[in-house]
Amino acid sequence: MEQIQDQTMYRVHLGDVFDGPMDLLVHLVKKSEVDIYDIPIAVITEQYLEYLRLMTALNIDVAGEFLVMAATLAHIKSRMLLPTDLEQEEEAEDPRLEIVRPLEEYLQLKYAAEDLTTRDRLDWDVFVRSASNGSPESADEKPDDLIQVSLFELIDAFEKIVKRVSPEHFLNITVDTISVKGRISEIADLLESRGSVTFEEIFEEQATKGQIIVTFLAILEMAKAQIIRIMQHVSSGIIRIFNG
Amino acid sequence: MDNLKAIVESLLFASDIPLTIDKIKSILDIQDRQAALNALTSLAQEYESQKRGFFLSEVAGGYQLRTRPEYRQWVRRMKQTRPARLSRAAMETLAIVAYKQPVLRSDVEHLRGVDSGGTLRTLLERGLIRVLGRKRLPGRPMVYGTSKRFLEIFDLKELSELPTLKDLQELGEAWPNDST
Amino acid sequence: MDNLKAIVESLLFASDIPLTIDKIKSILDIQDRQAALNALTSLAQEYESQKRGFFLSEVAGGYQLRTRPEYRQWVRRMKQTRPARLSRAAMETLAIVAYKQPVLRSDVEHLRGVDSGGTLRTLLERGLIRVLGRKRLPGRPMVYGTSKRFLEIFDLKELSELPTLKDLQELGEAWPNDST
């Protein structure tokens, strides 16, 4: 922890001062005490660019997002300067809306974040009795007990294993292999309840080409793992899959 | 069970998670929901009127005894807790997930205007948000929502207890001072 | 400190070990031993006269709140039915089965580097994993996969909703400013 702090102390990002370009913009709008629905865009743009220049002068990294916002502001400013055709004026949208809408939404969420921080936080403002008193984890857990584990803990546990074992065991699990696993599970269900099933039946409900491929890969995988046996009837030619 | 109130209190006292009424009913093997509710209400009133060191908090769909926030400094001192701090960025991200769930990483980043992978990961690790599943979009992106732990930590009965964004904005406009 | 009694109660409530008078004095920064003792005595009397669900026990040279022994059956019952956490070993094993299924016990052990028969059995008993079949190898070893119950517990519609390591890596590192 201390090590991290030491590193960051010398590597200041603009992001450490402001959470992002929206945050900086909010700061400027508030500082100028202007209405967000009527932002003096030229003034705010100038202040925004001034900030970026200051940051650069102080050797602070200015992330790309800040530059994108600078470009957006400059663009709005230039559109404001264009003479509006009187006839089109009614339909013409205020160019500032491009920035006002996200700004409004961002402000709301900032207030929401502030509101959350004012609540009585557990383990900071209020405390509960700790779990450690009384008996340790009861041994007689019933199988229908709820289990208090989140999906993140599961993947986190797996990540730790992958980090621990040598790279050749590393299996990069992609979405595709996961859906094949899902299909394997379904076919295993089917075989469990029916003992055997024909090839056609398995493919019957597969609507898309992708699904057919996934099912096919699942069958291959199961055959390779020798969970199933694939047999063809000599006379009828019907292919059946059996529990291995 | 004439001492129902005392028994309920002992359960609340010994539990490390919020207890739901259903759970209390099933432990005590009673059918009468109202009786359980009465016991809880009456306990809550006693803690208030007697100015006890703890109170009954209605949180995450259940009930839990918690120390009174007024005494935070003393309890903190005893526990020697260092604040498990969440940065402003993490709080913002958390607020977005709380209000906009189910939400994608790209939604969060669109709103905040900055990369939010790291803060999402922090929140996942702290158990404040969870993966709800995946969206049927190219790349099958993960969908996030807040967890039960979020309710427990932020002292919320349920998500709907959060003030609406509109209310917050109206309040917010009353404070001209910068939040930083 | 006119609410000394309530503060002492909040400390007793939140402490997981017996509190000594010296400890209470040092937390509250008071010199008056008698005041602390009076608060404790008065609390103990209140718990008795009000027939609360807990009492003040003088134990191991200190003071601790404990549930009343009369209610032990209910408290025990509650502790038995609380959601269990998976042990780290079970968690690891479950993660391997989830991500590498169909998988053999030998595969699990190869990855974990330790005997995993016991944890696999536990997971089977709890219905989190199941036997998909047997492999036609010497000894006909069982092939494991996750169960429907696994999906229910993790609130997944289907296995393909499981987040992958790639998803996690794409989020990047947790935000360094947030202490965990």
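Remember, predicted model here, so these are calculated numbers, not experimental data.

What counts as what
Within each chain, residue numbers correspond to sequence positions counted from 1 in written order. Chain labels run from A onward and ligand labels from 1 onward, assigned in the order the entries are written. pLDDT decides what is reported in this predicted model: residues at 70 or higher carry local features, side-chain atom pairs at 80 or more are listed and counted, and totals for whole chains, interfaces and linings draw on all residues regardless. Values reported for side chains reflect all heavy atoms of the structure, with hydrogen atoms and water molecules removed beforehand. Only heavy atoms enter the contact rule, under which two residues are in contact if any of them lie within 4.5 Å. Values labelled buried area give the accessible surface lost by two parts on being combined, using a 1.4 Å probe and summing over both. Each reported salt bridge corresponds to a side-chain nitrogen of Lys or Arg within 4 Å of a carboxyl oxygen of Asp or Glu. Within 3.5 Å is the distance limit for a polar contact, defined as a pair of N or O atoms, with the added protein rule that one can donate a hydrogen and the other accept it, and that residues adjacent in sequence qualify only through two side-chain atoms. Strands here mean DSSP runs of E at least two residues long; helices mean DSSP runs of H or I at least four residues long; both are numbered from the N terminus. Three categories are distinguished: nonpolar for Ala, Val, Leu, Ile, Met, Phe, Trp, Tyr, Cys and Pro, charged for Asp, Glu, Lys and Arg, and polar for the others, with Gly belonging to the last. Axes here mean lines fitted to C-alpha atoms, for a helix over just the part in contact, with angles spanning 0 to 180 degrees between N-to-C directions. Here is the rule for angles: anything less than 35 degrees is roughly parallel, anything more than 145 is roughly antiparallel, 65 through 115 is roughly perpendicular, and the remaining ranges are oblique. We call a crossing left-handed when the near helix sits turned anticlockwise from the far one by less than a right angle, and right-handed when that turn is clockwise. The patch calculation keeps residues exceeding 30% relative accessible area without a salt bridge and links them within 9 Å when they carry like charges or within 5 Å when they are nonpolar (Val, Leu, Ile, Met, Phe, Trp, Tyr). Exposure was quantified through the Shrake-Rupley algorithm and a 1.4 Å probe, taking into account, for residues, occlusion by the shown protein chains and nothing else. For every residue, the accessible area obtained with a 1.4 Å probe (protein chains only) is divided by the maximum for its type, and the residue is called buried under 20%, exposed over 50%, and partly exposed between those limits. The rule for pairing is simple: two strands pair if DSSP sees at least two bridges between them. For every residue, the predictor states its confidence as a pLDDT score lying anywhere from 0 to 100. We call a set of buried residues a nonpolar core when its members are Ala, Val, Leu, Ile, Met, Phe, Trp, Tyr or Cys and they connect through side-chain atoms within 4.5 Å of each other.

**Some details on the interface of chain B and chain A**
Part 1 of the argument: Listed by partner, the interface residues are 56 residues for chain B and 40 residues for chain A.
Part 2 of the argument: Between chain B and chain A, a total of about 4,700 Å² is buried, with carbon and sulfur atoms accounting for 58% of that surface.
Part 3 of the argument: One salt bridge connects Arg119(A) with Glu161(B), and the closest N-O pair in it is separated by 3.8 Å.
Part 4 of the argument: At the boundary of chain B and chain A, one finds 12 residue pairs in polar contact (both at pLDDT 80 or more).
Part 5 of the argument: Of all the secondary-structure elements, those providing two or more residues to the side of chain B that touches chain A are β2 (62–67), α4 (72–79), α5 (88–100), α6 (105–112), α7 (117–125), β4 (129–134), α8 (148–153) and α9 (165–174) of chain B.
Part 6 of the argument: A per-element tally of the side of chain B that touches chain A places α5(B) first, with nine residues.
Part 7 of the argument: For the side of chain B that touches chain A, the per-class residue count stands at 27 nonpolar, eight polar and 21 charged.

**A word on the packing of helix α1 (residues 4–14) of chain C against helix α2 (residues 21–28) of chain C**
All names here are of chain C.
Part 1 of the argument: Where α1 contacts α2, the two axes come as close as 11 Å, and the packing angle between them is 115 degrees. What the angle tells us is that α1 and α2 run roughly perpendicular. The handedness of the crossing between α1 and α2 comes out as right-handed. Residues Leu-4, Ile-7, Val-8 and Leu-11 of α1 touch α2, and the partners they reach there are Ile-24, Ile-27 and Leu-28.
Part 2 of the argument: When grouped by side-chain class, the residues that make up the contact of α1 with α2 number seven nonpolar, no polar and no charged.

**Observations concerning a nonpolar patch on the surface**
All names here are of chain A.
Part 1 of the argument: Judged by side-chain polarity, Ile-213, Phe-216, Leu-217 and Leu-220 come together as a nonpolar surface patch covering roughly 360 Å² of accessible area.
Part 2 of the argument: By secondary structure assignment, the location of Ile-213 is in helix α10 (residues 209–224).
Part 3 of the argument: Owing to a relative accessible area of 45%, Ile-213 belongs among the partly exposed residues under this scheme.

**Points about the sheet that holds strand β5 (residues 142–146) of chain B**
Residues and elements named next belong to chain B.
Part 1 of the argument: Read across the open sheet, the three strands follow the order β3-β5-β4; overall the sheet is antiparallel. Of all the strands in the sheet, just β3 (103–104) and β4 have a single pairing partner and so form its edges.
Part 2 of the argument: Pairing analysis gives five bridges linking β4 to β5, with the strands arranged antiparallel. Bridging across to β5, Ile-129 finds its partner in Thr-146.

**Topic: the pattern of salt bridges**
Part 1 of the argument: All told, the structure shown has 45 salt bridges over all chains when counted by the stated rule.
Part 2 of the argument: In this structure, the salt-bridge partner of Arg72(B) is Asp120(A), at a minimum N-O distance of 3.5 Å. Of this pair, Arg72(B) sits in helix α4 while Asp120(A) sits in the loop between α6 (97–118) and α7 (151–164), on two different chains.
Part 3 of the argument: The partner of Lys160(A) in a salt bridge is Asp156(A), and the shortest N-O contact between them spans 3.1 Å. On the criterion of helical spacing, the pair formed by Lys160(A) and Asp156(A) is a turn pair, its members being four residues apart in helix α7.
Part 4 of the argument: Through salt bridges that share partners, Asp23(A), Lys110(A), Arg88(B), Glu92(B) and Arg112(B) make up one connected network.

**Points about the confidence of the model for chain A**
Residue and element names in this part refer to chain A.
Part 1 of the argument: Taken residue by residue, chain A gives an average pLDDT of 76. The fraction at 70 or more is 76%.
Part 2 of the argument: At the low end of the mean pLDDT range in chain A sits helix α1 (residues 2–10), at 41; at the high end sits α6, at 89.
Part 3 of the argument: Within the model, the stretch residues 1–12 combines pLDDT values under 50 with five contacts to residues more than four positions away or in other chains.
Part 4 of the argument: Below pLDDT 50 for its whole length, residues 132–144 participates in 17 contacts with residues either more than four positions away or in separate chains.

**Looking at the pairing of strand β1 (residues 54–59) of chain B**
Residue and element names in this part refer to chain B.
Part 1 of the argument: For β1, the buried fraction is high: five of the six residues fall into the buried class.
Part 2 of the argument: In this sheet, β2 lies alongside β1 in antiparallel orientation, the contact comprising six bridges. If you follow Ser-57 over to β2, its bridge partner there is Gln-64.
Part 3 of the argument: In this antiparallel pair of consecutive strands, β1 and β2, the connection spans two residues, and Ala-60 shows a positive phi of 50 degrees.

**Comments concerning the sheet that holds strand β2 (residues 228–232) of chain A**
All names here are of chain A.
Part 1 of the argument: An order of β1-β3-β2 is seen for the three strands of this open sheet, with the pairing classed as antiparallel. Each having just a single partner strand, β1 (196–198) and β2 make up the two edges of the open sheet. With direction set aside, neighbouring strand axes in the sheet form an average angle of 25 degrees.
Part 2 of the argument: For β2 and strand β3 (residues 239–243), the ladder comprises five bridges, and the chain directions are antiparallel. By the bridge assignment, Ile-230 is partnered in β3 with Ile-241.

**Thoughts on the nonpolar core**
Part 1 of the argument: In this structure, Tyr48(A), Leu154(A), Tyr144(B) and Phe150(C) are the most contacted members of the largest nonpolar core, which totals 98 residues.
Part 2 of the argument: For this core, the leading source of residues is α6(A), giving 10 residues.
Part 3 of the argument: Excluding its chain neighbours within four sequence positions, the residues that come into contact with Tyr48(A) are Pro21(A), Leu24(A), Leu25(A), Leu28(A), Phe66(A), Met69(A), Ala70(A) and Leu73(A).
Part 4 of the argument: In this structure, Leu28(B), Ile7(C), Ala36(C) and Met78(C) belong to the second largest nonpolar core, which totals 56 residues.

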